[in-house]
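# Descriptive analysis of the structure
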Amino acid sequence: MSQNLDLFPIGNCAASALIDRQGRFVWACAPRVDGDPFFCGLLTGQDAGAPDACGVWAIEVEGAVETTQAYLRNTPILRTEIRNGEGAGIEIIDFSPRYKHLGRQYRPLAFCRIVRPLAGAPRVRIRVRPMMNYGERPCYLTSGSNHVRYVGAVATLRLTTDAPVSHIVEERVFRLEEPISLFLGPDEGFDAEVATTAARMLRETTDYWRGWVRTLSVPLEWQEAVIRAAITLKLCAYEETGAIVAALTTSLPEHAAEAGAGRNWDYRYCWLRDAYYVVQALNRLGAADMLENYLVYLRNLVDQASRGDMAPSGAPVAQRELPGFEHGHTPNGKAGHVQPVYGVGLEPVLTEWIAPHLPGYRGIGPVRVGNQAHEHLQHDVYGQIVLSTVQAFFDERLLRPATIADFKALEPIGERAFELHDKPDASLWEFRGREATHTYSSVMCWAACDRLGNAAARLGLGDRADYWNGKAAQIRKTIETRAWNEAEGRFAATFGGDELDASLLQMVDVRFLPADDPRMQATMAAVEQGLRRGPYMLRYAIPDDFGLPETAFNFCTFWLIEALHLSGRTDEARQLFEEMLGRRTAAGLLSEDITFDGGELWGNYPQTYSLVGLINCANLLSKSWQSIR
């Protein structure tokens with residue numbers, strides 16, 4: 001069976017895993033989301049069901065003929081049912097524990113699997129085959145009377161179970177006559193009865209997630225899709241620091257090119273741009289907890305940036321033991337400088353290297369670790385920092401509203417935005433081989449100054465409000481003059497250029513121009529005509545560092561849906577939105593890219609950008625609750 005992205009994420013904002021349609025773990029990293037993949041079956045190029053498959057955790061039913069899966073309602077807890085030809089079968093409940101314990105949030109690096117016979121006495125085999133050093137070799141194994149230890153290069157996990165340990169170590173087929181529980185977590189003693197504890201963890205984890213979902217303000221229509229997207233965005237948060245990763249995976253290719261084509265990236269880091277869009281979408285649902293936690297992460301970055309002093313932490317200490325990792329000061333030490341991406345622990349250096357022992361998804365390499373984008377100049381990030389933060393000056397719900405000190409800490413970010421608004425950068429699409437002065441980046445620099453003006457007015461700082469409003473006006477004049485292409489009668493993607501870019505549609509979202517402005521209407525029409533491919537949208541249609549794009553970008557299709565609605569084509573927007581909903585995986589999720597015919601998803605998964613687009617469009621297009629009340 002060919003590999004595909006029809007995968008179900010589970011997690012608890014510290015641990016995360018992807019489970020395939022046969023109930024096998026094929027991806028999970030330790031000691032955190034950007035760590036060494038214990039379960040790397042997604043990138044071994046093998047069918048995870050092959051007898052020699054590595055990097056998987058499988059629970060197999062002998063003679064299996066049918067498998068069904070679904071999340072428990074309003075949770076990331078997965079139920080898998082597997083039956084054989086005689087009707088005997090099992091159910092597997094997979095989750096990562098998350099609940100309040102001793103006044104703290106309990107969210108360990110741990111996965112719990114509860115396996116129950118449904119009918120008869122099915123014969124099962126449990127295969128636990130974690131790997132180390134990015135697929136270099138199997139983890140070392142030791143065992144005791146009730147546990148198995150898997151010793152990796154950077155972490156050791158312990159599987160505690162009430163199943164016969166020798167059955168697991170020997171991968172022996174056995175009759176499942178009673179429920180069994182398996183807890184894979186920290187390498188420490190499990191000082192409780194496994195089955196009872198697993199059942200309690202399941203109950204309390206279920207209660208946590210359903211309680212969190214109850215706090216969301218969802219639209220009337222498409223509630224299930226929105227709730228699933230919101231839960232998954234929360235799974236992409238690394239709660240310890242507040243970071244939000246762009247996706248849970250690395251190196252899932254953007255299209256079905258031969259190995260070596262190069263469009264394989266590591267997305268297990270916090271892009272300030274992506275995180276801004278995530279908190280924006282979740283704010284629209286009322287998820288203030290995500291905003292508050294991310295603001296902690298941002299305040300730390302702003303503090304470091306304002307001093308030009310990013311600590312030389314590099315990768316996590318354990319991870320530095322892997323080949324290819326280096327650490328040192330950020331190459332841009334200027335006060336106010338901000339990188340587009342950081343590690344989930346605020347690491348500024350994400351040295352990119354190739355993992356030689358993993359062939360890649362369907363054998364399409366390379367498998368990259370780290371991301372060279374940390375060295376890029378991408379000037380839109382200054383806007384995204386301020387846009388993410390400005391709500392805290394106005395939102396009375398927050399436990400820690402923003403202060404004058406926070407405003408003063410943001411001002412160097414604004415100064416940097418003004419300084420760079422008309423300077424070349426790599427753009428939000430992270431071109432590696434060319435630079436230009438990109439309209440989107442300049443618009444975001446305008447937004448940084450404009451919103452600082454709003455914050456200053458809120459704080460009663462009239463002189464600073466005038467100052468920042470003046471800066472915003474200067475940037476606006478520059479954009480309206482230099483990004484406007486008179487010959488084409490529209491805005492261009494670059495100053496003085498004629499290229500089209502889907503990001504031009506965001507000029508409305510950040511309130512640079514209203515949708516009914518004739519200049520904006522002309523730009524929207526040109527972007528649709530130049531970048532739309534059937535129902536889907538490209539980011540751009542010109543060659544980049546790796547040639548012409550061969551797949552559409554899902555987030556940009558959602559931007560198109562918004563533009564259609566704002567242009568008065570709401571029926572068409574709703575039709576296209578339903579098209580996108582129909583392209584989701586069985587888990588209700590999307591990756592980064594899709595083929596032009598809509599036949600297959602590509603790119604890292606689950607992609608926060610795509611889920612943000614789903615939430616935003618549902619909120620925009622849904623009928624009002626007032627229509628049924």
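That block above? That's the structure.
All of these numbers come straight from a predicted model, not from anything done at the bench. (Residues numbered from 1 in each chain as written. Predicted model: local features only at pLDDT ≥ 70, side-chain atom pairs only at ≥ 80, totals over all residues. Heavy atoms only, no water.)

### Focus on the sheet that holds strand E17 (residues 156-161)
Threshold: For two strands to be treated as a pair, DSSP must find at least two bridges joining them. Strands here are runs of E lasting at least two residues and helices are runs of H or I lasting at least four, both read from the DSSP assignment and numbered beginning at the N terminus. Axes here refer to lines fitted to C-alpha atoms; in helices the fit is confined to the stretch in contact. Angles between the N-to-C directions go from 0 to 180 degrees.
Spatial strand order, E6-E7-E8-E11-E19-E17-E16-E15: 8 strands in an open sheet with antiparallel pairing. Unpaired on one side and paired on the other, strand E6 (64-71) and strand E15 (140-143) mark the two borders of the sheet. Between one strand axis and the next, the sheet turns by 15° as a mean value, whatever way the strands run. Summarising the sheet, strand E11 (residues 111-119) and strand E19 (residues 180-186) pair through 5 bridges and their orientation is antiparallel. Its bridge partner being in E19, Val115 is matched across the sheet by Ile180.

### Quick word on the pattern of salt bridges
Note the cut-off: Take a side-chain nitrogen of Lys or Arg and a carboxyl oxygen of Asp or Glu: if they are within 4 Å of each other, that pair is a salt bridge. When accessible area is computed with a 1.4 Å probe and restricted to protein chains, residues below 20% of their type maximum are described as buried, those above 50% as exposed, and intermediate ones as partly exposed.
Evaluation of the coordinates by the stated rule reveals 44 salt bridges. For Arg129, the salt bridge identified is with Glu171, shortest N-O distance 2.7 Å. Residue Arg129 is found in the loop between strand E12 (123-128) and strand E13 (131-132), and its partner Glu171 is found in the loop between helix H1 (165-169) and strand E18 (174-175); the two are separated by 42 residues along the sequence. Each member of the pair, Arg129 together with Glu171, is buried. The closest approach of N and O atoms between Arg569 and Glu528, which form a salt bridge, is 2.8 Å. Taken together, the positions of Arg569 in the loop between helix H12 (554-566) and helix H13 (570-581) and Glu528 in helix H11 (residues 518-531) put the pair 41 residues apart, joining distant regions of the chain. The network of salt bridges with shared partners includes Arg79, Glu81, Arg83, Glu91 and Arg116.

### Observations concerning helix H5 (residues 288-307)
To keep things clear, this is the line we draw: Helix span is expected to be 1.5 Å times the residue number reduced by one.
Taking 1.5 Å per residue as the helical rise, H5 with its 20 residues ought to reach 28 Å, and the 29 Å between its terminal C-alpha atoms agrees with that figure. Residues of H5 that are buried: Ala288, Met290, Leu291, Tyr294, Leu295, Tyr297, Leu298, Leu301, Val302, Gln304 and Ala305.

### Comments concerning the packing of helix H8 (residues 439-458) against helix H9 (residues 462-482)
We count it as follows: Any angle between 65 and 115 degrees counts as roughly perpendicular, while under 35 counts as roughly parallel, over 145 as roughly antiparallel, and the rest as oblique. Definitions for this section: a left-handed crossing has its near helix turned counterclockwise from the far helix by less than a right angle. A right-handed crossing has that turn clockwise. Should any heavy atoms of two residues lie within 4.5 Å, those residues are considered in contact.
At a minimum axis separation of 7 Å, H8 and H9 run at an interaxial angle of 160°. Looking at the two axes, H8 sits roughly antiparallel to H9. Relative to H9, H8 is oriented so that their crossing is left-handed. Here Thr439, Ser442, Val443, Cys445, Trp446, Cys449, Asp450, Leu452, Gly453, Ala456 and Ala457 of H8 lie close against H9, whose contacting residues are Arg464, Ala465, Trp468, Asn469, Lys471, Ala472, Ile475, Arg476 and Ile479.

### Thoughts on the pairing of E12
Pairing between strand E5 (residues 57-61) and E12: 5 bridges, direction antiparallel. Opposite Val61, over in E12, you have Val124 as the bridge partner. Judged from the 2 bridges that link them, E12 and E18 form a sheet pairing that is antiparallel. Considered in E18, the bridge of Val124 is made with Phe174.

These results come straight from atomic positions and should not be treated as a statement about function.
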